[in-house]
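# Structural characterization, general
Next come the chains, spelled out residue by residue.
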Amino acid sequence: DAGVTQSPTHLIKTRGQQVTLRCSPKSGHDTVSWYQQALGQGPQFIFQYYEEEERQRGNFPDRFSGHQFPNYSSELNVNALLLGDSALYLCASSLQGAFPPLHFGNGTRLTVT
Amino acid sequence: AQSVTQPDIHITVSEGASLELRCNYSYGATPYLFWYVQSPGQGLQLLLKYFSGDTLVQGIKGFEAEFKRSQSSFNLRKPSVHWSDAAEYFCAVGAPLGSARQLTFGSGTQLTVLP
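Residues numbered from 1 in each chain as written. Chains lettered and ligands numbered in written order. Predicted model: local features only at pLDDT ≥ 70, side-chain atom pairs only at ≥ 80, totals over all residues. Heavy atoms only, no water.

## Let's talk about unusual backbone geometry
The omega torsion of the bond from Ser7 of chain A to Pro8 of chain A falls at -10°, within 30 degrees of zero and hence cis. Turning to its location among the elements, Pro8 of chain A is positioned in the loop between strand S1 (5-7) and strand S2 (10-13). In this model, Tyr72 of chain A sits at a positive phi of 80°, which is unusual for a non-glycine residue. The residue Tyr72 of chain A is located in the loop between strand S7 (64-68) and strand S8 (74-78) in this model. Judged by relative accessible area, which is 39%, Tyr72 of chain A ranks as partly exposed. In this structure, Lys61 of chain B is a non-glycine residue whose phi angle is positive, near 60°. Mapping Lys61 of chain B onto the fold places it in the loop between strand S7 (56-58) and strand S8 (64-68). (Helix = DSSP H or I, 4+ residues; strand = E, 2+ residues; numbered from the N terminus. Buried < 20%, exposed > 50% of the residue type's maximum accessible area, 1.4 Å probe, protein only.)

Right, dumping it as structure tokens:
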């Protein structure tokens with residue numbers, strides 16, 4: 001049973017560029033959440049997708065957007081990259097509900113130069 | 001809004017010694033509380049959670065945590081640490097009231113285990 005898979009594992013971009021990160025949830029899960037983890041910090045919630053809609057959003061600008069597909073996989077898009085966007089981006093899948101257990105992927109390490 | 005403080009950035013213990021990692025939260029009511037562990041290059045894994053009921057909760061890998069409302073704390077403990085426990089540990093809080101259902105994480109405690 002495959003867990004949460006994220007691609008790519010590492011990515012280097014230049015300031016001002018755009019990036020797309022991908023996530024496949026654990027089999028049977030229908031909800032995907034994205035977190036940003038800066039170096040030396042805990043994960044910060046970006047947004048959550050369920051039934052192909054953004055259901056909740058953390059304190060992140062509109063440069064951060066996402067999408068969920070009918071097969072429950074998800075993408076995170078970041079436009080106009082800033083140096084401060086350099087971080088580990090974690091995808092977590094779960095079933096819908098009040099604080100179900102989150103299953104995390106290993107993350108995508110984004111470096112913006 | 002809820003918040004979490006993990007006062008210890010780095011803790012070093014010897015293998016076989018006991019462990020306690022501190023976590024303090026800020027929230028107006030009883031929150032949902034979690035401990036996650038992150039090994040290098042890995043995502044986070046849930047160790048245990050507290051929603052209600054018995055204030056001492058047992059988790060995986062021999063970990064336990066105790067919810068103390070009077071101290072707004074949810075400290076993680078293990079009686080005897082193994083070398084494989086070396087990792088970063090995150091406390092997180094969720095607010096059961098209102099529409100915001102995301103987790104708020106602390107900044108983590110890095111655990112080093114000496115042989």
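## Examining the packing of aromatic side chains
Aromatic ring pairs are reported here in terms of the distance separating the ring centres and the angle at which the planes meet. Enumeration according to the criterion identifies 15 aromatic pairs over all chains in this entry. With a centroid separation of 5.6 Å and an interplanar angle of 70°, the aromatic rings of Tyr35 of chain A and Phe45 of chain A are classed as edge-to-face. You can see Tyr35 of chain A sitting in strand S4 (residues 31-37) and its partner Phe45 of chain A sitting in strand S5 (residues 44-50), a full 10 residues away along the chain. With respect to burial, Tyr35 of chain A and Phe45 of chain A carry one shared label: buried. Where Tyr50 of chain B meets Phe74 of chain B, the ring centres are 6.4 Å apart and the plane angle is 45°; that geometry is what we call tilted. Linking Tyr50 of chain B in strand S6 (residues 44-50) with Phe74 of chain B in strand S9 (residues 73-78), this pair joins segments that are 24 residues apart in sequence. For the pair Tyr50 of chain B and Phe74 of chain B, a shared accessibility class is recorded, and that class is buried. Among the aromatic residues, those joined into a cluster by ring pairs are Tyr35, Phe45 and Phe104 of chain A together with Tyr32, Phe34, Tyr36, Phe51, Phe90 and Phe105 of chain B. Here Lys49 of chain B stacks its cationic end above the ring of Phe51 of chain B, 5.3 Å away from the centre of that ring. (Phe/Tyr/Trp six-rings, centres within 6.5 Å; stacked < 30°, edge-to-face > 60°. Lys NZ or Arg CZ within 6 Å of the ring centre and 35° of its normal.)

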